[in-house]
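Each chain, written out:
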Amino acid sequence: MKKFDISVLSVAPLRQGETMKQGIDTAVLLAKAVDKMGYNRIWFAEHHNHDAYASAATVSIVQHILANTKNIRVGSGGVMLPNHSPLVVAEQFGTLETLYPNRVDLALGRAPGTDQKTADVIRRSNHNGVFFFEREVQDILRFIGEESVQGEVRAYPGVGTNVPVFVLGSSTGSAKIAAKLGLPYAFGAQFTPHAMAETITIYRENFQPSAYLQEPYVIACINVVAADSMEEATFISASHLQVYIDIYTNNLSQLIPPTKDFLESLSQVELEILHHRLGYTIMGDAKTIRRDLIEFQQTYQVDEIIVSSNIYESKKEIHSYEILKKVVDDLFE
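Residues numbered from 1 in each chain as written. Predicted model: local features only at pLDDT ≥ 70, side-chain atom pairs only at ≥ 80, totals over all residues. Heavy atoms only, no water.

### Re the packing of helix H6 (residues 172–181) against helix H7 (residues 196–206)
Here's step 1: Viewed as axis vectors pointing N to C, H6 and H7 meet at an angle of 20°, and their least axial separation amounts to 8 Å. With respect to H7, the axis of H6 lies roughly parallel. H7 is crossed by H6, and the crossing has right-handed handedness. Residue-level contacts link Thr172, Ala175, Lys176, Ala178 and Ala179 of H6 to Glu198, Thr199, Ile202, Tyr203 and Asn206 of H7.
Here's step 2: Within the contact of H6 with H7, the residues separate by chemical class into 5 nonpolar, 3 polar and 2 charged. (Axes fitted to C-alpha atoms, helices over the stretch in contact; angles between N-to-C directions. Helix = DSSP H or I, 4+ residues; strand = E, 2+ residues; numbered from the N terminus. Parallel < 35°, antiparallel > 145°, perpendicular 65-115°, else oblique. Left-handed = near helix turned anticlockwise from the far one by under 90°. Contact = heavy atoms within 4.5 Å. Nonpolar A, V, L, I, M, F, W, Y, C, P; charged D, E, K, R; others polar.)

### A look at the pairing of strand E9 (residues 304–308)
Here's step 1: By the criterion of burial, E9 is predominantly enclosed, with 5 of the 5 residues buried.
Here's step 2: Burial along E9 is two-sided: the residues Glu304, Ile306 and Ser308 and Ile305 and Val307 are all buried.
Here's step 3: Examined bridge by bridge, strand E1 (residues 5–10) and E9 share 4 bridges and lie parallel to one another. The residue bridging Ile6 from the neighbouring strand is Ile305, located in E9. (Buried < 20%, exposed > 50% of the residue type's maximum accessible area, 1.4 Å probe, protein only. Pairing = 2+ DSSP bridges.)

### With respect to the environment of Arg154
Here's step 1: For Arg154, the position within the fold is in the loop between helix H5 (133–143) and strand E5 (165–169).
Here's step 2: Separated by 112 residues in sequence, Arg154 and Leu266 have C-alpha atoms that sit 54 Å apart.
Here's step 3: Sequence-distant contacts of Arg154, that is, excluding residues within four places in its chain, are made with Leu87, Glu147 and Val159.
Here's step 4: Polar side-chain contacts of Arg154 include one of 3.1 Å to the backbone oxygen of Gly151. (Polar contact = N/O pair within 3.5 Å; in protein donor to acceptor, adjacent residues only side chain to side chain.)

### A short note on H7
Here's step 1: Every buried residue belonging to H7 is among Met196, Thr199, Ile200, Ile202 and Tyr203, and all of these are buried. Across the axial projection of H7, the buried residues extend over an arc of 160°, all falling on one side. Exposed residues lying more than 90 degrees from the buried face of H7 are Glu198 and Glu205.
Here's step 2: Along its buried surface, H7 packs onto H6, strand E6 (185–187), strand E7 (218–226) and helix H10 (286–300). (Arc of directions from axis to C-beta.)

If you want it as structure tokens, here you go:
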């Protein structure tokens with residue numbers, strides 16, 4: 001089995017009743033904890049017009065987490081490029097790299113990370129940003145690149161910072177762009193697992209070595225809910241399952257506390273959502289997590305797994321990451 005790195009993805013979620021400040025403080029606690037555990041990186045995803053997340057101003061969250069951690073890489077997972085000027089993104093992350101050398105990642109997505117009305121407000125006159133994604137990624141690569149590739153307009157700070165750039169996606173289109181540009185590719189299996197095998201294959205088969213990367217590098221994002229027992233994992237996973245029901249019923253809310261007999265309380269429609277639309281999720285005790293991780297990696301042979309967890313209690317979320325890290329460490333002893 002191919003060895004893989006392990007990382008964390010967060011949206012700085014709010015638990016039911018939390019303020020935005022409390023949500024950010026909880027994200028800091030998580031980042032500090034996984035930093036000490038030795039996780040490779042923690043990324044924060046950009047979402048807008050949702051009172052369930054505190055990660056809308058992604059660059060601000062990234063800077064705050066960098067200031068409160070010591071070793072872990074911190075970055076966007078991602079910046080939704082249709083919402084932003086490539087020059088400004090390069091300036092922002094060039095500044096972060098200047099302040100925190102060798103700890104900053106810039107992962108770029110081509111979706112707006114919100115509904116169409118909100119996207120219109122964010123970018124105003126630019127309704128076609130998604131179609132310019134490849135070109136704008138290239139612009140950012142130039143702005144943060146060496147002096148020799150600069151044009152008349154430059155990013156300061158930015159020039160020469162060479163912030164690592166990743167392409168996010170859940171489709172063959174984004175995979176082809178990452179492959180063409182010779183960039184690492186992060187697949188969002190936490191939402192759309194069904195296309196993962198095809199998409200990763202297309203990325204690997206079409207990959208063109210570049211100044212940034214000589215061989216394909218695949219990151220897969222999956223959901224993990226780990227606990228000391230199967231019973232506890234099943235119980236605390238109710239919050240995670242509710243997130244997916246809320247997404248597909250257009251009723252996104254803050255993380256709710258888990259309840260007993262959660263599945264028995266669901267309607268047939270809600271059960272169908274979980275059956276057909278639940279992202280790739282591994283849940284259980286350490287033994288089960290180990291078994292399912294091995295199965296996943298034997299199937300996809302990724303270079304890195306980045307994990308999302310929707311667990312209501314912060315202490316149990318951190319403990320879930322403790323269990324996962326120990327499982328992964330034991331795999332490769």
